[in-house]
Amino acid sequence: MNAKIWLSSPHMGGREQTFVQEAFDTNWVAPLGPNVNGFEQDLSLFLGGDYHVAALSSGTAGLHLGLVLLGVKAGDEVICQSMTFSASANPIAYVGATPVFVDSETDTWNMSPELLEQAIQSRIAAGVKPKAIIPVHLYGMPAKMNEIMGIARKYEIPVLEDAAEGLGSSINGKMCGTFGDLGVLSFNGNKIITTSGGGALVAKDAEIIKEARFLSTQARDEAPHYQHSKIGYNYRISNLCAGVGRGQMEVLADRVKQRRDNFNLYYNRYSSKKGIHFVTEPTGYFSNRWLTTLLIDPAVAGFTREDLRLALEKDNIESRPLWKPMHLQPIFAGSEFFGNGTSEMLFANGLCLPSGSNLVQADFDRIFAIMDTMLK
Ligand SMILES: *Cc1c(COP(=O)(O)O)cnc(C)c1O
């Protein structure tokens, strides 16, 4: 059996262990310490310098804490992109709120601004104004954030931007994660950079990030004893994981370039093939191309995305259907949904291809050998 080719696997830069060793040498083996502060500074600088960052234990923790910080409570409604990973939507349930799902548009595969406005108007007409909006940058392609923020401001609804897949992506130079009132990053093992597990909250407002640090370390009031006047969480990143993060930040720009190079290899080889479609960047949009994805129209291509997935799997190559939309998930059955069929089409026809920044030519030779026999 050939060695496994993964969809996206961790890719260390080299200096991660130096930062982790330093943490051991100084006994900063705790959910705080110099690596946590250093990692937050690195992220803030990368995002343009004007933003404050709280490093956390996961992106999911960031989304949960984000909803808490925005004041979302039991019984509230939160609008969420349907085409996404369940971690975008689960935190809505954590706070006892109800998700309202909105379909995608076909330019970026992310939240449709038109359907977002329809959803807001419809819910306001029903007497429940949504308390937050969660757009997502799928596979690194920025959502139409200028349009989404315009609508959000018009109706005065805060935006919690799920940039878990979009670190390094931007629109006209403005980084993903910095558009919303709060932005969320993820450093899970499969993301563009990893801390083995971790996440972050991003905001322009220093006060809200100060509050995020307070709540994520058990909400301890100033007192010699343990005193609490708010419900706290244990959501801070550890100083060891943050050490890995500091090493990864040194290579983040390379990782974006490598992922974009991967996309170009696939795109140049297959974009003109029958029934094949790649999502391209609208003017001013810059995708980190976390994962390269394609759509296969079976009526034209003569095979389905599942046929290609199984052919790759036979040679021990991992690929995966696009996210199954949240409004189709058993756990969210019966949720409000504002749609036009786009996310259902994407799920039916879309496949994520091996996209790791550590793929080598021999890996692509194996992938292309199989794809060449099918894509004509
Ligand atoms: C990975 C991911 C998350 C969750 O991040 P974790 O760090 O794994 O908790 C949330 N949303 C999206 C879109 C993701 O891809």
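Residues numbered from 1 in each chain as written. Predicted model: local features only at pLDDT ≥ 70, side-chain atom pairs only at ≥ 80, totals over all residues. Heavy atoms only, no water.

1. Quick word on the overall build of the chain
Part 1 of the argument: A count of helical and extended segments in the chain gives 13 helices and 15 strands.
Part 2 of the argument: Taken over 376 residues, the chain has a buried fraction of 56%.
Part 3 of the argument: The long-range fraction of contacts in the chain, counting pairs at least 24 apart against all pairs at least 6 apart in sequence, stands at 72%.
Part 4 of the argument: If you sum the accessible surface of the chain, you get close to 15400 Å²; carbon and sulfur atoms cover 52% of it.
Part 5 of the argument: If the 33 positive side-chain charges of the chain are averaged to one point and the 39 negative ones to another, these points end up 2 Å apart. (Helix = DSSP H or I, 4+ residues; strand = E, 2+ residues; numbered from the N terminus. Buried < 20%, exposed > 50% of the residue type's maximum accessible area, 1.4 Å probe, protein only. Contact = heavy atoms within 4.5 Å. Areas by Shrake-Rupley, 256 points an atom, 1.4 Å probe, with all protein chains shown as cover. Lys, Arg positive; Asp, Glu negative; His and termini not counted. Charge placed at Lys NZ, Arg CZ, Asp CG, Glu CD.)

2. A short note on the side chain of histidine 327
Part 1 of the argument: Tracing the backbone shows histidine 327 in the loop between strand E13 (320-321) and strand E14 (336-338).
Part 2 of the argument: On the basis of relative accessible area, histidine 327 is assigned to the buried category, the value being 13%.
Part 3 of the argument: Of the polar contacts made by the side chain of histidine 327, one reaches the side chain of serine 82; its length is 2.7 Å.
Part 4 of the argument: Ignoring any residue separated from it by four or fewer positions in sequence, one finds histidine 327 in contact with Ser82, Phe101, Phe337, Ser343 and Glu344. (Polar contact = N/O pair within 3.5 Å; in protein donor to acceptor, adjacent residues only side chain to side chain.)

3. Here we look at the domain arrangement of the chain
Part 1 of the argument: One can read the domain layout of the chain as domain 1 (16-251) and domain 2 (253-374).
Part 2 of the argument: Summarising the inter-unit geometry, the C-alpha centres of domain 1 and domain 2 are found 25 Å apart.
Part 3 of the argument: In this assembly, 45 residues from domain 1 lie in contact with 38 residues from domain 2.
Part 4 of the argument: For the pair domain 1 and domain 2, the interface holds one salt bridge.
Part 5 of the argument: Here domain 1 and domain 2 share 24 residue pairs in polar contact (both at pLDDT 80 or more) between them.
Part 6 of the argument: At the level of elements, strand E3 (98-102), helix H5 (113-125), helix H6 (145-154) and strand E6 (170-171) are the ones that each hand at least two residues to the side of domain 1 that touches domain 2.
Part 7 of the argument: Broken down by element, the side of domain 1 that touches domain 2 gets its largest block of residues, five residues, from H5.
Part 8 of the argument: Looking at the side of domain 1 that touches domain 2 residue by residue, the classes come out as 21 nonpolar, 16 polar and eight charged. (Domains from an automatic or database assignment. Salt bridge = Lys/Arg side-chain N within 4 Å of Asp/Glu carboxyl O. Nonpolar A, V, L, I, M, F, W, Y, C, P; charged D, E, K, R; others polar.)

4. A look at the nonpolar core
Part 1 of the argument: Formed by 37 residues in total, the largest nonpolar core has its most connected members in Phe39, Leu43, Tyr139, Leu167, Leu185, Phe187 and Leu322.
Part 2 of the argument: When residues of this core are sorted by domain, at least three fall in each of domain 1 (16-251) and domain 2 (253-374).
Part 3 of the argument: Ignoring any residue separated from it by four or fewer positions in sequence, one finds leucine 185 in contact with Leu43, Gly59, Ala163, Ala164, Leu167, Gly199, Ala200 and Val202.
Part 4 of the argument: Membership of the second largest hydrophobic core comes to 31 residues, among which are Leu69, Leu160, Val184 and Ala203. (Core = buried A, V, L, I, M, F, W, Y, C linked by side-chain atoms within 4.5 Å.)

5. A closer look at the environment of glutamate 16
Part 1 of the argument: Residue placement: glutamate 16 occurs in helix H1 (residues 16-25).
Part 2 of the argument: The spacing of glutamate 16 and glutamate 250 is 234 residues in sequence and 9.3 Å in space, taken between C-alpha atoms.
Part 3 of the argument: Non-local contacts of glutamate 16, meaning those with residues more than four positions away in its chain, are made with Gly243, Val244, Gly247 and Gln248.

6. Comments concerning the packing of helix H3 (residues 59-69) against helix H7 (residues 206-216)
Each packed pair of helices is defined by two parameters, the angle between the axes and the distance between the axes.
Part 1 of the argument: Where H3 contacts H7, the two axes come as close as 11 Å, and the packing angle between them is 115 degrees. Where H3 crosses over H7, the two elements pack in a sense that is right-handed. Judged by residue contacts, Leu65, Val68 and Leu69 of H3 engage Ile208, Glu211, Ala212, Leu215 and Ser216 from H7.
Part 2 of the argument: A class-by-class count of the residues in the contact of H3 with H7 yields six nonpolar, one polar and one charged. (Axes fitted to C-alpha atoms, helices over the stretch in contact; angles between N-to-C directions. Left-handed = near helix turned anticlockwise from the far one by under 90°.)

7. Topic: the side chain of serine 169
Part 1 of the argument: Tracing the backbone shows serine 169 in the loop between strand E5 (160-162) and E6.
Part 2 of the argument: What makes serine 169 buried here is its relative accessible area of 0%.
Part 3 of the argument: Separated by 2.9 Å, the side chain of serine 169 and the backbone nitrogen of asparagine 288 make a polar contact.
Part 4 of the argument: Excluding residues within four positions of it along the chain, serine 169 makes contact with Gly140, Pro142, Lys174, Met175, Cys176, Phe286, Ser287 and Asn288.

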